[in-house]
Amino acid sequence: AETIREAATHLSIRHAGHDLGNVTLSMGVAIFPDDASDVEATVKAADVALYQAKTEGRNRVVMAGTARTCP
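Below you will find a few notes about this structure.

Criteria and cut-off values
Residues numbered from 1 in each chain as written. Predicted model: local features only at pLDDT ≥ 70, side-chain atom pairs only at ≥ 80, totals over all residues. Heavy atoms only, no water. Helix = DSSP H or I, 4+ residues; strand = E, 2+ residues; numbered from the N terminus. Rg over C-alpha atoms; globule rule 2.2 N^0.38 Å. Polar contact = N/O pair within 3.5 Å; in protein donor to acceptor, adjacent residues only side chain to side chain. Contact = heavy atoms within 4.5 Å.

### What about the overall build of the protein chain?
Inference 1: When you go through the protein chain residue by residue, the secondary structure sums to 2 helices and 5 strands.
Inference 2: For the protein chain, the N- to C-terminal ordering of α and β elements is α-β-β-β-α-β-β.
Inference 3: A compact globule built from 71 residues should have a C-alpha radius of gyration of about 11 Å, whereas the protein chain, at 14 Å, is more than 25% larger.
Inference 4: Taking the principal axes of the C-alpha coordinates as reference, the protein chain spans close to 45 × 20 × 20 Å.

### With respect to the side chain of Ser26
Inference 1: When you line up the elements, Ser26 lands in the loop between strand S2 (18–19) and strand S3 (27–29).
Inference 2: Side-chain polar atoms of Ser26 contact the backbone nitrogen of Asn59, separated by 3.0 Å.
Inference 3: When neighbours within four sequence positions are excluded, Ser26 is seen to be in contact with Leu50, Ala53, Lys54, Arg58, Asn59 and Arg60.

### Some thoughts on unusual backbone geometry
Leaving glycine out, the prevailing phi sign among residues is negative, and the prevailing peptide bond configuration is trans.
Inference 1: For the bond from Phe32 to Pro33, the omega torsion is 5°, close enough to zero to count as cis.
Inference 2: The residue Pro33 is located in the loop between S3 and helix H2 (39–55) in this model.
Inference 3: Its identity is not glycine, yet Ala16 carries a phi of approximately 50°, on the positive side.
Inference 4: Of note, Ala16 is situated in the loop between strand S1 (14–15) and S2.

Below, the structure written as structure tokens:
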């Protein structure tokens, strides 16, 4: 996830002849079965981690069930 987030910062996206500026990604990552015991709970854990990433300032990866944040 961190590799994808970093690669996105190097994208140059244009639409209708206009540069759209920098691309940033916020991601929440959950691992089955470490973070949850079924598919629905795993997706929920990733969603919670995603909103934590956005709250912490965006453009970062947060792992569910941990305090690990990248960068």
